[in-house]
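# Fold and contact review
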Amino acid sequence: MQSITNIQSSSMAQNFSWLHRGLTEIFPQPSNADSESESLEKLLVITQRPLRVKFGIDPTGAEIHLGHSIPVRKLRNFQDAGHTAVLIIGDFTARIGDPTGKSEVRRQLTEVDVAQNAQTYLDQVRPILDFDTPGRLEVRYNSEWLSKLDLGKILELLATMTVGQMLAKEGFAERYKKENPIFLHEFLYPLMQGYDSVAVEADVELGGTDQKFNLAVGRDLQRHFGQRPQYCVLLPILNGLDGVQKMSKSLGNYVGLSEHPSQMYQKLQQVPDHLLEDYFQLLTDLHADKLPEKPRDRQQLLAWDIVRQYHGETLANEAKEAAKTGGQSGAVPEFSLSQMQFPAKLFSLLNVSGLCKSGGEGRRKIQEGGVRLNGDRITDIDTTFDSLADLEGKVLQVGKNKFVRLVP
């Protein structure tokens, strides 16, 4: 078994500033542990092997935003400290839908939905995680083990929790009180996420503060199956650009990891002043004592650094200059919809706009999942737009680097 006694040795093993930056909670702590007698910090020092650090994400949508990046960045911290990141793509659990924070049942996704959403997730987290160093990353899909559970095993999982325990979960409690329906398959979600920890033998699991219940279930199931229970690291939920509600695509207050550099820069240079400290702490490695004094300078530094992380320094510099001279459009090329006749087929628009060399190539790009409109993936080759109003002001994208803003 590989030893980590010499990995980043004293600098990373003894100095835990990387662990505590932006942290909300680690549990259990020695004072309230069941049978554990050591803290996570102590385990990091004394372990003779790389710890297995789990983070799971369900592909319930096509795009990851900056809020999702917070636990992924912490996962990279563990990689840099010499440990193994276990990134779980929840292709099975996504078909149930995490009921956390939901006031009503979530729509169940099909296998096709999930497969289409999952294919870009790794590309979007690639700028964050170390994909190249041997032994530093495992990418697992939880259908690998969850699809094989027979009724006996499912009954065993169900027998580890009571209905009362499930109803103590925040979302369930609220819905039960309001007499909103709670379906039995939703009770399976925390158990299946918890079973992921058993399947990959996790030593540590990362998650947002809204995931505390699910992470604790993982500890209970590991104990049930004779494993040492994992440590749980909880991280904050990022407020969105509106400064009030959590970052969410449905609320329109988000910044997607795959957005055009200029779009990303334009959004981030308008982050409300009261959120700047959190954004710097959670989304960058910059130290607070080295930040500019003026809020406007801080906004621009934040925007530049985050664009640099996901698109490189050259494009970050270009986005910064474009913001000075190009207004909201920045460096995104424009295409006039006056050149189209409506109703218009998407593949025709891709051809006429110059994003694809032909309508046939446009069809292939759509089928391959490489076409987005304002960040939303479009996979139906027959997609048709009835009028200019359906497209005005939106950004049409092919692949990672081809964009046009659609104007009248």
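One structure accompanies this document, and this report is about it.

Conventions and cut-offs
- Residues numbered from 1 in each chain as written.
- Predicted model: local features only at pLDDT ≥ 70, side-chain atom pairs only at ≥ 80, totals over all residues.
- Heavy atoms only, no water.
- Core = buried A, V, L, I, M, F, W, Y, C linked by side-chain atoms within 4.5 Å.
- Buried < 20%, exposed > 50% of the residue type's maximum accessible area, 1.4 Å probe, protein only.
- Helix = DSSP H or I, 4+ residues; strand = E, 2+ residues; numbered from the N terminus.
- Contact = heavy atoms within 4.5 Å.
- Pairing = 2+ DSSP bridges.
- Axes fitted to C-alpha atoms, helices over the stretch in contact; angles between N-to-C directions.
- Phe/Tyr/Trp six-rings, centres within 6.5 Å; stacked < 30°, edge-to-face > 60°.
- Lys NZ or Arg CZ within 6 Å of the ring centre and 35° of its normal.

In this structure, Leu40, Leu66, Leu87, Val204, Leu268 and Tyr279 are the most contacted members of the largest nonpolar core, which totals 58 residues. Ranked by residue count, the leading element in this core is helix H15 (residues 295-311), at six residues. When residues no more than four places from it in sequence are discounted, the contact partners of leucine 40 are Leu19, Ile26, Val204, Tyr231 and Val233. Among the nonpolar cores identified, the runner-up in size contains 22 residues, and Val86, Phe92, Leu157 and Leu191 belong to it.

Our focus in this paragraph is the sheet that holds strand S5 (residues 204-208). Spatial strand order, S1-S6-S5-S2-S3-S4: six strands in an open sheet with mixed pairing. Since the sheet does not close on itself, it has two edges, and those belong to strand S1 (25-27) and strand S4 (137-141), each with one partner. Direction aside, the axes of adjacent strands within the sheet are offset by 20° on average. Pairing of strand S2 (residues 52-57) with strand S3 (residues 84-89) involves six bridges; the strand directions are parallel. Within S3, the position partnered with arginine 52 by the bridge is threonine 84. The strands touched by helix H4 (residues 66-80) within the sheet are S2, S3, S4, S5 and strand S6 (231-235), with S2 carrying the most contacts at an inclination of about 160°.

Before going further, it helps to examine the packing of aromatic side chains. A complete count under the given rule lists four aromatic pairs for this structure. For the ring pair tryptophan 18 and phenylalanine 78, a centre distance of 5.1 Å and an interplane angle of 90° mean the geometry is edge-to-face. Linking tryptophan 18 in helix H2 (residues 17-20) with phenylalanine 78 in helix H4, this pair joins segments that are 60 residues apart in sequence. With respect to burial, tryptophan 18 and phenylalanine 78 carry one shared label: buried. Centroid distance tyrosine 195 to phenylalanine 225: 5.8 Å. Interplanar angle 70°. Geometry classified as edge-to-face. In this pair, tyrosine 195 sits in helix H11 (residues 184-200) while phenylalanine 225 sits in the loop between helix H12 (212-224) and S6, placing the two residues 30 residues apart along the sequence. Exposure remark for phenylalanine 225: the relative accessible area of 25% places this residue in the partly exposed category. Ring pairs connect the aromatic residues Phe16, Trp18 and Phe78, which therefore count as one cluster. Here arginine 126 stacks its cationic end above the ring of phenylalanine 131, 4.1 Å away from the centre of that ring. In this structure, lysine 212 is placed above the aromatic ring of phenylalanine 27, and the distance from its NZ or CZ to the ring centre is 5.3 Å.

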